[in-house]
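Listed here are the chains, written in short residue letters.
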Amino acid sequence: MPITKYGLTAALVAAALTTLPMTSAVAAPEAAPAPGHWVLTDLYASPSAWQAAFGQTQDAIKALPELADTLTDDPATLADGLARIDDVHKRLARVATYAHLAADIDLRAADAQERRGRVDRLQADFGQATGFVEPALVGLGADTLKEWAAKPVLAEQAYYLRHVADQAPHTLTRETESALAALSPIAGQSDTFDLLSNADIAWPSVTLGGESRTLDQAAYTQWRADPDRATRQKVFEAFWSTYNQYEDTFGSLLNQAVYGHVIDARLHHYDSALAAALAANDIPVAVYHQLIDSVDGHLDTLHRYLKLQARLLGVDQLHYYDIYPPLVAAPREFNLSDAKTLLEQATRPLGTAYTRHITAATSAPWTSAYPAPGKRPGAYMNGSAYDVHPYVLMNFQGDYESVSTYAHEWGHGVHSMLANAAQPYATADYPIFTAEVASTTNEALLIDHMIDNADTRQEKLFYIGQALESLRGTFFRQAQFAEFELALHEAAEAGKSLSGKRISALYKEILDRYYGVADGMTAIDKRMAIEWAYVPHFYYNFYVYQYATSIAAGEYFASRILAGDTDVRDAYLAALSAGGSASGYDILKNAGVDLATAAPYNQLIQRMNELMDQAEDLLDKRQG
Ligand SMILES: [Zn+2]
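Residues numbered from 1 in each chain as written. Predicted model: local features only at pLDDT ≥ 70, side-chain atom pairs only at ≥ 80, totals over all residues. Heavy atoms only, no water.

In the nomenclature of an unreviewed UniProt entry, the chain is known as Oligoendopeptidase F of Salinisphaera japonica YTM-1. What UniProt states about the chain under its Sequence similarities (unreviewed entry) heading is, verbatim, "Belongs to the peptidase M3 family." (UniProt positions renumbered as here; feature names shortened; annotations may be inferred.)

Shown next, in the form of structure tokens:
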């Protein structure tokens, strides 16, 4: 199975997958570098300087295939060849960063969009020009590869070479891999899914807030959290009834994607689609099974949270459409300067070196903070320009979620700063498996700081509610998705046909179990069984479990660091500095979090119960 070392960086992939909230038309100040605006001149002084770098990179990529004949002649030649490829990749990443950032700041600017298109094609050219590398390495044989990996001249490439050696029994001939790669764009179904979801669905018109509105995905995300219960119910019924009209087509698409994963795994001699997907990222299958076992064993904690939610909303019977409204009204608004101060204060337990990085990053013009006409929605961090510094794009709305997003993205940013400072380019780029740990640890430190410093009971209750909802949404919901994804693939592997109806039945069984439907904990309308059709991540081949493992690791690090454990703090910072020098699983295990064992998940469950103890105390006092 091909290893995507020279593909998209993990940081960029993580960025692409963050949820996209609604933009609002708040005007941003014009002058740069005013606070909240980034300047791209650290990357290139001007578009013409970028153009020159683009041309040089293009020439360097064209010349790479000349390495093919001699690459594996001896260890020193291999080291030189891989170093040259890495150097070209580093230049390409900087060229791409500028093009992507400039394009995202105004999606209407034709010249910036054109530069982005050229960079995307150049990245594809790089993939083709280096397509000979892994077949050549596999051709050496796993034993020789491992022997060479131990040589000092190849020290920077040691982890990569060992990983290629481990994958060698699963790598087919060059012709077969090329044929499979050529077919992959039509095998994934993800583009068709996007078109159906974003362009073709006929969204219903619903009267909301006294106005007739088109209930598309963005409107659904906004109105499902409305404080008025009848509105939420109306929104759920209209939105999911619409999805149900497309059950057969969504089912066919997902069935084909799942069968694609299953066939690909079989062709590459894996026992299962799960084993194939996790091996590509060097993560043991035991992690996945442990996560599901741990969550299934602690559903009573989720049910306790649902009871608390019903109490706070003042409803006798909780419905699925009651999940999203905030439990307590927001106490205040924030500006960007508040966010910066709060992030500095909250991350102080990480030590003075971390604080220096945070202060440097948030004082410099490296963040595009505010919504603006034409700007890309959502939030991301881009740390791909190795010799420069990270950039963060977000759409600050003034609510607590914006402050939390700022802490999240700069968690990614400081991760990149630490990894880029400590690692050579070859091992700086960290995997998704550790990326979301850096961001969720910051989120956990921030929310703890907010709970500790709340002035009133009501304010404290608000932040506890935010912490609990993030544990439900990122731990339980993503684990539920992971369990569903595994059940789908296992059904396909057992030869069962997966129609839309069959997929809905499978989804509903797991959903009902998580939300305690049999015990009357939550009432869930049967139309909700289609919810799977809304989730693009099911096309990413065993991706979502990493959100759940990451928040478990993040909660562990945050709680130990807040308890003053400096050994854990230093181990955590070392894990961030390790970048991509080992498997994400091993990096976290070395830092004390073994995600193939129950301990980190138990710790998260304990934290969730402590938060609920606090919330119930506050409520009893309020009522008493
Ligand atoms: Zn993230």
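Engineer: Hey, could you go over the overall build of the chain for me, with residue numbers and the actual values?
Structural biologist: Scanning the chain from terminus to terminus reveals 26 helices and five strands. The C-alpha atoms of the chain give 25 Å as radius of gyration, which agrees with the globular expectation for 624 residues (25 Å, within 12%). Once the C-alpha set of the chain is aligned to its principal axes, its extents read approximately 80 × 60 × 50 Å. In the chain, buried positions account for 54% of the 624 residues. For the chain, the exposed area adds up to about 25200 Å²; of that, 52% sits on carbon and sulfur atoms. Counting 47 positive and 76 negative side-chain charges, the chain places the centres of these two groups 4 Å from one another. (Helix = DSSP H or I, 4+ residues; strand = E, 2+ residues; numbered from the N terminus. Rg over C-alpha atoms; globule rule 2.2 N^0.38 Å. Buried < 20%, exposed > 50% of the residue type's maximum accessible area, 1.4 Å probe, protein only. Areas by Shrake-Rupley, 256 points an atom, 1.4 Å probe, with all protein chains shown as cover. Lys, Arg positive; Asp, Glu negative; His and termini not counted. Charge placed at Lys NZ, Arg CZ, Asp CG, Glu CD.)

Engineer: Can you explain the coordination of the zinc ion? Please cite residues and give values.
Structural biologist: Perfect tetrahedral coordination of a metal by four donors corresponds to 109.5 degrees between them, and perfect octahedral coordination by six donors corresponds to 90 or 180 degrees. Looking at the metal site, the zinc ion is ligated by His408 (NE2), His412 (NE2), Glu436 (OE) and Glu436 (OE), spaced 2.1 to 2.5 Å from it. Bound by four donor atoms, the zinc ion shows angles of 52 to 140° at the metal and therefore irregular coordination geometry. Taken in sequence order, the residues that donate to the zinc ion follow the motif H-x3-H-x23-E. Residue His408 and its partner His412 are both found in helix 18 (residues 400-422); the two are separated by four residues, about one turn of the helix. On the basis of relative accessible area, His408 is assigned to the buried category, the value being 11%. (Donors = N, O, S within 2.8 Å, 3.2 Å for Na, K, Ca; no water. Tetrahedral: all angles 85-135°; square planar, octahedral: opposite > 155°, others 65-115°.)

Engineer: Give me the sheet that holds strand 4 (residues 380-382): which residues, what numbers.
Structural biologist: Strand order across the open sheet formed by three strands is 3-5-4, with mixed pairing between neighbours. Pairing within the sheet leaves two strands with one partner each, and these edge strands are strand 3 (367-368) and strand 4. Judged from the three bridges that link them, strand 4 and strand 5 (residues 391-393) form a sheet pairing that is antiparallel. In the strand pairing of strand 5, Asn382 is matched with Tyr391. Across the sheet, helix 3 (residues 75-105) touches strand 3, strand 4 and strand 5, and the angle it forms with strand 4 is around 150°. (Pairing = 2+ DSSP bridges. Contact = heavy atoms within 4.5 Å. Axes fitted to C-alpha atoms, helices over the stretch in contact; angles between N-to-C directions.)

Engineer: Any details on the packing of helix 2 (residues 47-63) against helix 3? Residues and values, ideally.
Structural biologist: The geometry of helix 2 relative to helix 3 is characterised by a closest axis approach of 10 Å and an angle of 150° between their N-to-C directions. Helix 3 is crossed by helix 2, and the crossing has left-handed handedness. Between helix 2 and helix 3, the residues in contact are Pro47, Trp50, Ala53, Phe54, Gln56, Thr57, Ala60, Ile61 and Ala63 and Arg84, Val88, Arg91, Leu92, Val95, Tyr98 and Ala99, respectively. Among the residues making up the contact of helix 2 with helix 3, the classes are represented as 12 nonpolar, two polar and two charged. (Left-handed = near helix turned anticlockwise from the far one by under 90°. Nonpolar A, V, L, I, M, F, W, Y, C, P; charged D, E, K, R; others polar.)

Engineer: Got a sec to walk through the side chain of Asn420? Specific residues and values, please.
Structural biologist: Relative to the helices and strands, Asn420 resides in helix 18. Residue class for Asn420 comes out buried when judged on its relative accessible area of 19%. Every residue in contact with Asn420, bar those within four places of it in the chain, is listed here: Gly383, Tyr386 and Ala428.

Engineer: So what's going on with helix 24 (residues 566-577)? Residues and values would help.
Structural biologist: Its 12 residues give helix 24 an end-to-end C-alpha distance of 16 Å, which sits within 8% of 16 Å, the value for a rise of 1.5 Å per residue. Every buried residue belonging to helix 24 is among Val568, Tyr572, Leu573, Ala575, Leu576 and Ser577, and all of these are buried. On its buried face, helix 24 sits against helix 17 (352-363), helix 18, helix 20 (432-452), helix 23 (545-562) and helix 25 (584-590). The opening residue of helix 24, the one whose side-chain oxygen lies 3.1 Å from the backbone nitrogen of Asp567, is Asp565. (Expected span 1.5 Å × (residues − 1). Polar contact = N/O pair within 3.5 Å; in protein donor to acceptor, adjacent residues only side chain to side chain.)

Engineer: Quick one: what's the story with the packing of aromatic side chains, residue by residue and with numbers?
Structural biologist: The relation between two aromatic rings is expressed through the spacing of the ring centres and the mutual angle of the planes. Following the criterion strictly, the structure yields 41 aromatic pairs and no others. Taken together, a centroid distance of 5.8 Å and an interplanar angle of 55° make the contact between Tyr220 and Phe236 tilted. Of this pair, Tyr220 sits in helix 10 (residues 217-223) while Phe236 sits in helix 11 (residues 229-244), placing them 16 residues apart in sequence. Taking the relative accessible area as the measure of exposure, Phe236 reaches 6% and is therefore buried. Taken together, a centroid distance of 5.3 Å and an interplanar angle of 90° make the contact between Tyr386 and Tyr425 edge-to-face. Taken together, the residues Tyr386 in the loop between strand 4 and strand 5 and Tyr425 in helix 19 (residues 425-428) connect sequence positions 39 residues apart. (Phe/Tyr/Trp six-rings, centres within 6.5 Å; stacked < 30°, edge-to-face > 60°.)

Engineer: Please provide a residue-by-residue account of the pairing of strand 2 (residues 211-214), values included.
Structural biologist: Here four bridges tie strand 1 (residues 205-208) to strand 2, and the two strands are oriented antiparallel to one another. What sits directly across from Thr207, in strand 2, is Ser212. The loop that links strand 1 with its antiparallel partner strand 2 comprises two residues; one of these, Gly209, has a positive phi angle of about 55°.

Engineer: So what about the environment of Gly564? Which residues, and what values?
Structural biologist: Take Gly564: it is sitting in the loop between helix 23 and helix 24. Taking the relative accessible area as the measure of exposure, Gly564 reaches 52% and is therefore exposed. With 214 residues separating them in the primary sequence, Gly564 and Leu350 have C-alpha atoms 9.6 Å apart.

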